[in-house]
Amino acid sequence: MTNDELPLVLGIESTCDETGIALVRGDQLLGQCTATSMDQFERYGGIIPEIASRAHLESFLPTLSRALEEADVTLEDVDAIAVAAGPGLVGSLTVGICAAKTLALTLGKPLYGVNHVIGHLAVDALVDGPFPEKSIGLVASGGHSNLLLIEDIALSVQELGGTLDDAAGEAFDKVGRLLGLPYPGGPHVDRRAQDGQLGKIRFPRGLAAGKDKERYKYDFSFSGLKTAVGRYLAANPLPEGTLEDPERAAEVANICNAFSESVNDSLTAKAVLAAQLNGCSTIVVGGGFAANSRLRALLAERAESAGIEVRFPPMRLCTDNGAQIAALGSALVRAGAAPSDLDFGPKTAMDLTETYLAPRAVGANL
Ligand code: KG4
Ligand code: ZN
């Protein structure tokens, strides 16, 4: 079958502050549009769920129109719809799910309620092609830091381990706040870390020594590290001045560098170990934190010396988007998965082994 004959899947993302809509056929991204309400949250230093939900409601139709236009298709061309069912904020999810059900019912098309986190990995197929037979998935975002064994991105994903406390992006955001950087801190800490001097300061690595190293070989812990940064700052107050004053900027850069080094040392060492221990020659990385420059460089370096290929989606597909949902929907349709029952609600927590909400019994779909 040529790609043109494969089903056209509409993907809808609304788990947090991005309204993302995309159209995918096979492994080809035909068009997408993303609206974000993040600019409304900088002054609060965090997401206000009610503002995010309202923004989804306002953005949905214009985002849908633009995505259809970019893909040069109409709603009548769509063969299946995928929507992020979770995990995420209940109000935000509700807007996307409601819209998706309305479209599915009016168009008479099947609906798949998919796992947003698995979508972060599935999106890589749109750039690097089909997944190999077996690979390691590293998901790193504001809410997740997990290592997965992927045998089939649509139907068979096992969880090897994950963070015991903070996620990588969350830890970056918290340290950004400690250093007085704008919200969300992740990209700012990343940028400033690049100006820091490697090795000038050293922070501990979580679960990297003694019995913990063996017992938690696929797990992460970043909350002790965040505490270590807090303690360092209490013992070594930052030089007076603004963040642009050279002395203060240099110290902030060194702290960011040491902190980033610790997080990325753990993520990359354990991802490579997981690949080696599970006989995988590919690591697929996804999630907002996959935009981190040090993660990209260090993982590429370590994987290369271990003879492992690393697949990173491009930056624009790392933060939340509709393409990740459409890509997973497309993989499910092609795998012959039965659509979800239409009575599902938002899943604020969703097991990573649950790639989508499978129907209770085949044929019970509305
Ligand atoms: O996947 P995502 O868009 O939303 C969640 O599902 O969480 O990830 C957002 C997270 C935030 O914590 C943000 O600070 C972090 O990813 N992030 C980064 C970078 N870009 C985004 N963290 C470190 N370095 C970056 N370059
Ligand atoms: Zn995400």
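Our subject in this report is the structure included herewith. Keep in mind it's a predicted model, so treat the numbers as computed, not measured.

**Notes on helix α9 (residues 246-277)**
Phase 1 of the analysis: The end-to-end C-alpha distance of α9, which contains 32 residues, comes to 46 Å, matching closely the 46 Å that a straight helix rising 1.5 Å per residue would cover.
Phase 2 of the analysis: Judged by how many residues are buried, α9 sits mostly within the fold: 24 of 32 residues are covered.
Phase 3 of the analysis: Directly after α9, the chain includes G279, whose backbone phi takes a positive value near 65°.

**A look at the sheet that holds strand β6 (residues 135-140)**
Phase 1 of the analysis: The five strands lie next to each other as β8-β7-β6-β9-β10, forming an open sheet whose pairing is mixed. Bordering the open sheet on either side are β8 (156-162) and β10 (309-311), each of which pairs with just one other strand. Across the sheet, the axes of successive neighbouring strands diverge by a mean angle of 25°, strand direction being ignored.

**Some points on the side chain of H56**
Phase 1 of the analysis: Positionally, H56 belongs in helix α1 (residues 49-71).
Phase 2 of the analysis: With a relative accessible area of 1%, H56 lands in the buried category.
Phase 3 of the analysis: With residues up to four places along the chain from it excluded, the contact list for H56 reads S14, C16, D17, E18, T19, S92 and V95.

**Regarding the packing of aromatic side chains**
Phase 1 of the analysis: By the definition in use, this model includes five aromatic pairs.
Phase 2 of the analysis: Judged by centre distance (5.9 Å) and plane angle (45°), the ring pair of Y112 and Y356 falls under tilted. Separated by 244 residues along the polypeptide, Y112 in strand β5 (residues 111-115) and Y356 in the segment after α11 (322-334) bring together distant segments of the chain. Taken individually, Y112 and Y356 each receive the classification buried, so the pair is uniform in this respect.
Phase 3 of the analysis: Relative to Y232, the ring of F203 has its centre 5.8 Å away and its plane inclined at 90°; by these criteria the two rings are edge-to-face. Placement of F203 in the loop between α6 (185-193) and α7 (210-215) and of Y232 in helix α8 (residues 223-235) is noted, with a sequence separation of 29 residues between them.
Phase 4 of the analysis: An aromatic cluster of three or more residues is present, and its members are F172, F259 and F289.
Phase 5 of the analysis: We note K217 situated over the ring of Y218; from NZ or CZ to the ring centre the distance is 5.4 Å.

**Here's the deal with the sheet that holds β5**
Phase 1 of the analysis: Read from one edge of the open sheet, five strands run β3-β2-β1-β4-β5, paired in mixed fashion. Single-partner strands in this sheet number two, and they are β3 (28-36) and β5. On average, each strand axis in the sheet is inclined to that of its neighbour by 20°, with strand direction left out of account.
Phase 2 of the analysis: Relative to β5, strand β4 (residues 80-86) runs parallel, the two being bridged by five bridges. Residue V83 lies in a different strand from β5, and its bridge partner there is G113.
Phase 3 of the analysis: Each of β1 (8-13), β4 and β5 touches helix α2 (residues 90-107); the most contacted strand, β4, lies at about 160° to it.

**Some words on the pairing of β6**
Phase 1 of the analysis: By the criterion of burial, β6 is predominantly enclosed, with six of the six residues buried.
Phase 2 of the analysis: Relative to strand β7 (residues 145-152), β6 is paired through six bridges, and the arrangement is antiparallel. What sits directly across from I136, in β7, is L149.
Phase 3 of the analysis: The pairing of β6 with strand β9 (residues 282-286) spans four bridges and is parallel. By the bridge assignment, I136 is partnered in β9 with I283.

**Brief notes about the site of ligand 1**
Phase 1 of the analysis: The local shell around ligand 1 holds 19 residues, among which G142, D173, D190, G288 and N292 are the closest.
Phase 2 of the analysis: Residue D173 places a side-chain N or O atom 2.6 Å away from an oxygen atom belonging to ligand 1.
Phase 3 of the analysis: D190 places a polar side-chain atom, nitrogen or oxygen, 2.9 Å from a nitrogen atom of ligand 1.
Phase 4 of the analysis: Protein chains shield 85% of the accessible area of ligand 1, which is 550 Å² for the free molecule.
Phase 5 of the analysis: Mapped onto the shell around ligand 1, the elements with two or more residues apiece are α3 (116-122), α5 (168-178) and α6.
Phase 6 of the analysis: Looking at the shell around ligand 1, its residues break down into five nonpolar, 11 polar and three charged.

Conventions and cut-offs
- Residues numbered from 1 in each chain as written.
- Chains lettered and ligands numbered in written order.
- Predicted model: local features only at pLDDT ≥ 70, side-chain atom pairs only at ≥ 80, totals over all residues.
- Heavy atoms only, no water.
- Helix = DSSP H or I, 4+ residues; strand = E, 2+ residues; numbered from the N terminus.
- Expected span 1.5 Å × (residues − 1).
- Buried < 20%, exposed > 50% of the residue type's maximum accessible area, 1.4 Å probe, protein only.
- Pairing = 2+ DSSP bridges.
- Axes fitted to C-alpha atoms, helices over the stretch in contact; angles between N-to-C directions.
- Contact = heavy atoms within 4.5 Å.
- Phe/Tyr/Trp six-rings, centres within 6.5 Å; stacked < 30°, edge-to-face > 60°.
- Lys NZ or Arg CZ within 6 Å of the ring centre and 35° of its normal.
- Near = heavy atom within 4 Å.
- Polar contact = N/O pair within 3.5 Å; in protein donor to acceptor, adjacent residues only side chain to side chain.
- Areas by Shrake-Rupley, 256 points an atom, 1.4 Å probe, with all protein chains shown as cover.
- Nonpolar A, V, L, I, M, F, W, Y, C, P; charged D, E, K, R; others polar.

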